[in-house]
Amino acid sequence: MQSLITGIHHVTALVSDAQRNIDFYTGILGLRLVKKTVNFDAPEVYHFYYGDEDGNPGSILTFFPYNGLVSGRHGKGMLNTTAFSVPLNSLNYWMERLKQYNISYKQPKERFEDEVVIYFEDEDGLGLELVFNDNDKRAGFSRGPVPPGHSIKGINNVEIWEEGYERTAGLLTEQLDHRLIAEKGNRFRFAANDHPGNYVDIICSPDSLKGLPGSGMVHHLAFSTPDEASQNEVRLKIVKRMLNPTPVLDRNYFTSIYFREPGGVLFEVATAGPGFAIDEAKEHLGEALKLPERYEEERAQLEMKLPPVIVNTNHYT
Ligand code: ZN
C-alpha cells in the first residue's frame, strides 16, 4: 500500500523585506525562485516559493514578506531550523561563500554518521543549516550563481523543538506515516521515507523559552501526499485525532489542509501536484506575478500595493 504521506512538501516562513529575501535565497544560496505570487489569504503580501529546477516537493522553502514585521523568537513549540542538503566535498566552498557575504556561521559539527552540519541564519534570523553529505541523489538547481557541484539539492531535514516529544511523535507515527529512524541525545529523527528531504527532527527541549511568532520564524511545515484522495484519507485521520483540520483549500499549485500539532506547530498536508508549471512555462518559472483567478480583477491595485522586486543574481557569482 502506498503511504498517504510521502515526506516533506515545503516549509513556509515570515520575513520583513521582500527584496532582501529574494537576494538572499536566489543570490547567496542559489535557489530558484519558482513562483512569485501573493498570500492567498492576504493578497497585499507576496508569497515567494524557492526550490530546485522544477520546485519539487522536498526542495521548497516559501516566504510571506510582511514589510517591517517585528522579529519572533526561536524556542519550543516552533520549527526553528530548516536544513538544506549539499555535497560532502562542498564544506570549504560554502564556508568561504558565507564569509564572503558576511554571514556568520557556527563551526562545522558532525551530527549523524556521514553528515557534517553548519548552522547560520538569514537576515531575518530564520534558522538554517547546510548538511554536508553524499547520500542525496537529487539534482538541485544548477543554473543559479552556485556551481552545480556545490548547489543545494533540497531540504534535508527540519528541526522542531518541543516541551515533550511524545504527542507529536504519536501524531507523526500514527496519522502521518512516519517512523523513528534515528536518535541521538535529545534529537529524535522521524521520516515517512528514509531519504534526504524528508527528515523531521524533534528536539526534546523542555527548558527552552517558548517560541514567539514573527519575522524570521517558520509559519508552517507542509507534508506531501500523492493526490486529493490520499489527502482526504489523511484528513479523516486528523479529524479522528481531534486536531480540527481545515477543509481542503485550493492553493493553485496543490491543495492543502492545515491543523496544529499538539506541541504548537502548524502542519499542512499538500498534494504533490499539479505543481508550479500549471500557470507558466517551466523555463520561465517565477518571472511574472501570478495570481489566483479570484484576484485577477484586482491585479492593477495589487501590483501598486506590492513593493517592486527583481531577481538579479549577477552580483552573486
Ligand atoms: Zn504551505
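Remember, predicted model here, so these are calculated numbers, not experimental data.

(A) Inspection of unusual backbone geometry at higher detail. For the bond running from Gly-273 to Pro-274, omega is 5°, close enough to zero to count as cis. Along the polypeptide, Pro-274 turns up in the loop between β16 (266-271) and α5 (299-305). The phi dihedral of Asn-244 is positive, around 55°, even though this residue is not glycine. Examined against the element boundaries, Asn-244 turns out to sit in the loop between α4 (228-240) and β14 (249-250). Owing to a relative accessible area of 66%, Asn-244 belongs among the exposed residues under this scheme. Of note in this structure, Asn-252 is not a glycine but carries a positive phi near 70°. Locating Asn-252 in the fold gives a position in the loop between β14 and β15 (255-260). Judged by relative accessible area, which is 23%, Asn-252 ranks as partly exposed.

(B) A look at the sheet that holds β15. If you walk across this open sheet you meet the eight strands as β2-β3-β4-β1-β13-β16-β15-β14, and the pairing is mixed. Two strands in the sheet have a free side with no partner beyond their single neighbour: β2 (32-39) and β14. Here five bridges tie β15 to β16, and the two strands are oriented antiparallel to one another. Paired with Ser-256 across the strands is Ala-270, a residue of β16. Across the sheet, α4 touches β13 (217-225), β15 and β16, and the angle it forms with β15 is around 15°.

(C) Examining the nonpolar core more closely. Grouped together as the largest cluster of nonpolar side chains are 68 residues, with contacts concentrated most on Tyr-25, Leu-29, Leu-176 and Phe-267. Looking at which element gives the most residues to this core, the answer is helix α1 (residues 18-28), with five residues. In this structure Leu-176 touches Ile-5, Leu-171, Phe-223, Val-234, Ile-238, Phe-259, Phe-267 and Val-269, once residues within four positions along its chain are discounted. Among the nonpolar cores identified, the runner-up in size contains nine residues, and Val-34, Phe-40, Tyr-253 and Phe-276 belong to it.

(D) Expanded view of the layout of surface pockets. Looking at the largest pocket, its volume works out to about 270 Å³. Around the largest pocket, the lining is made up of 14 residues, and of these Arg-32, Leu-33, Phe-141, Leu-285 and Val-311 lie nearest the centre. The class makeup of the residues in the lining of the largest pocket is six nonpolar, four polar and four charged.

(E) The coordination of the zinc ion, seen in detail. Every protein donor of the zinc ion is listed here as His-10 (NE2), His-220 (NE2) and Glu-268 (OE), and their distances to the metal cover 2.0 Å. Mapping the donors of the zinc ion onto the primary sequence yields the spacing H-x209-H-x47-E. One end of the pair, His-220, is in strand β13; the other, Glu-268, is in strand β16, and 48 residues separate them in sequence. Summarising the burial analysis for this pair, His-220 and Glu-268 share the class buried.

(F) Structural detail: α1. Buried residues dominate α1, accounting for eight of its eleven residues. Those residues of α1 that sit buried are Ala-18, Asn-21, Ile-22, Phe-24, Tyr-25, Thr-26, Gly-27 and Ile-28. Its side-chain oxygen 3.2 Å from the backbone nitrogen of Gln-19, Asp-17 forms the N-cap of α1. Positioned one or two residues after α1, Gly-30 has a phi angle of 75°, which is positive.

(G) Geometry of the pattern of salt bridges. Evaluated as defined, the whole model comprises 18 salt bridges. Residues Glu-163 and Lys-76 are paired through a salt bridge, measuring 2.9 Å at the closest nitrogen-oxygen approach. With Glu-163 in the loop between β9 (154-162) and α3 (166-174) and Lys-76 in the loop between β4 (60-65) and β5 (78-87), this pair connects stretches of sequence that are 87 residues apart. Classification of Lys-76 as buried rests on a relative accessible area of 16%. Salt bridges sharing common partners tie together Glu-115, Glu-159, Arg-187, Arg-189 and Asp-201.

(H) The environment of Ala-42, seen in detail. Here Ala-42 shows up in strand β3 (residues 42-51). Judged by relative accessible area, which is 14%, Ala-42 ranks as buried.

(I) Spotlight on the sheet that holds strand β10 (residues 179-184). The strand order across the open sheet formed by eight strands is β6-β7-β8-β5-β9-β12-β11-β10, and the pairing between neighbours is mixed. Pairing within the sheet leaves two strands with one partner each, and these edge strands are β6 (109-110) and β10. One ladder, built from two bridges, connects β6 with strand β7 (residues 116-121); its direction is antiparallel. Across the sheet, the residue bridging to Lys-109 is Val-117, located in β7. Together, β5, β7 and β8 (127-133) form the strand contacts of helix α2 (residues 91-100), whose direction differs from that of β7 by roughly 15°.

Rules and cut-offs
Residues numbered from 1 in each chain as written. Predicted model: local features only at pLDDT ≥ 70, side-chain atom pairs only at ≥ 80, totals over all residues. Heavy atoms only, no water. Helix = DSSP H or I, 4+ residues; strand = E, 2+ residues; numbered from the N terminus. Buried < 20%, exposed > 50% of the residue type's maximum accessible area, 1.4 Å probe, protein only. Pairing = 2+ DSSP bridges. Contact = heavy atoms within 4.5 Å. Axes fitted to C-alpha atoms, helices over the stretch in contact; angles between N-to-C directions. Core = buried A, V, L, I, M, F, W, Y, C linked by side-chain atoms within 4.5 Å. 1 Å grid on protein atoms, 1.4 Å probe; cavity = no way out; pocket = protein on both sides within 12 Å on 5 of 7 lines; lining within 4 Å. Points joined across faces, edges and corners; volume = space filled by probe spheres on them. Nonpolar A, V, L, I, M, F, W, Y, C, P; charged D, E, K, R; others polar. Donors = N, O, S within 2.8 Å, 3.2 Å for Na, K, Ca; no water. Polar contact = N/O pair within 3.5 Å; in protein donor to acceptor, adjacent residues only side chain to side chain. Salt bridge = Lys/Arg side-chain N within 4 Å of Asp/Glu carboxyl O.

Bear in mind that shape data such as this cannot, by itself, settle questions of function.
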